[in-house]
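# Coordinate analysis (summary)
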Amino acid sequence: MENELTFTEKVKGFFNEVVAELKKVTWPTRKQVTTSTIVVIVVVILTAIYLNVVDLGFTYLMSLLFK
């Protein structure tokens, strides 16, 4: 039981490990983040347009079917 760590020592060790792992991370550059953000926004807009067109098509078909 001599080697047991206290709660505060465990927490301190955990955060020291977190800091060590974060130093290993390769962070993206500002240009990479900007490019990725633009790609995501464009894909979201195109998906919204596509789903809107599909919805309008189904609405039209349903109006013809239940007329």
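Our subject is the structure listed above.
Remember, predicted model here, so these are calculated numbers, not experimental data. (Residues numbered from 1 in each chain as written. Predicted model: local features only at pLDDT ≥ 70, side-chain atom pairs only at ≥ 80, totals over all residues. Heavy atoms only, no water.)

### Notes on the overall build of the protein chain
Convention followed: Runs of H or I in DSSP of at least four residues are treated as helices and runs of E of at least two as strands, each being numbered from the N terminus. Atoms considered for the radius of gyration are the C-alpha atoms alone. The globule rule reads 2.2 Å times the number of residues to the power 0.38. For each residue, the accessible area found with a 1.4 Å probe, counting protein chains only, is set against the maximum for its type, and the residue is called buried under 20%, exposed over 50%, and partly exposed in between.
Regarding its fold elements, the protein chain presents 2 helices and 0 strands. On C-alpha atoms alone, the protein chain measures out to a radius of gyration of 27 Å, which is more than a quarter above the 11 Å that the 2.2 N^0.38 rule sets for 67 residues. The C-alpha extent of the protein chain, read off along each of the three principal axes, is 80 × 35 × 10 Å. For the protein chain, the residues scored as buried account for 0% of the 67 residues in total.

### Concerning the pattern of salt bridges
Operational definition: Only one rule defines a salt bridge in this text: a Lys or Arg side-chain nitrogen within 4 Å of an Asp or Glu carboxyl oxygen.
Inspection of the entire model under this criterion finds 1 salt bridge. E21 is paired through a salt bridge with K24; the nearest N and O atoms lie 3.2 Å apart. Taken as a pair, E21 and K24 lie in helix α1 (residues 7-24) at a separation of 3 residues, close to a single helical turn.

### Concerning a nonpolar patch on the surface
In plain terms, the rule: Residues enter patches when they are more than 30% accessible in relative terms and free of salt bridges; like-charged ones are connected within 9 Å and nonpolar ones (Val, Leu, Ile, Met, Phe, Trp, Tyr) within 5 Å. With residues, only the protein chains shown are counted as cover, and all accessible areas are computed by Shrake-Rupley using a 1.4 Å probe.
Residues I38, I41, V42, I45, L46, I49 and V53 make up a contiguous nonpolar surface patch of roughly 640 Å² in combined accessible area. Looking at the element boundaries, I49 is found in helix α2 (residues 30-65). Residue I49 is classed as partly exposed on the basis of its relative accessible area, which comes to 48%.

### Remarks on the packing of aromatic side chains
Within a pair of aromatic rings, the relevant descriptors are the distance that separates the centres and the angle that separates the planes. As a reminder, the rule being used: Stacked, tilted and edge-to-face pairs are distinguished by plane angle, under 30 degrees for stacked and over 60 for edge-to-face with tilted covering the rest, among Phe, Tyr and Trp rings (Trp via its six-membered ring) whose centres lie within 6.5 Å.
As enumerated under the stated definition, the model contains 1 aromatic pair in all. When the ring of F14 is compared with that of F15, the centres are 5.3 Å apart and the planes differ by 75°; the resulting orientation is edge-to-face.

Nothing here speaks to function; it is geometry throughout.
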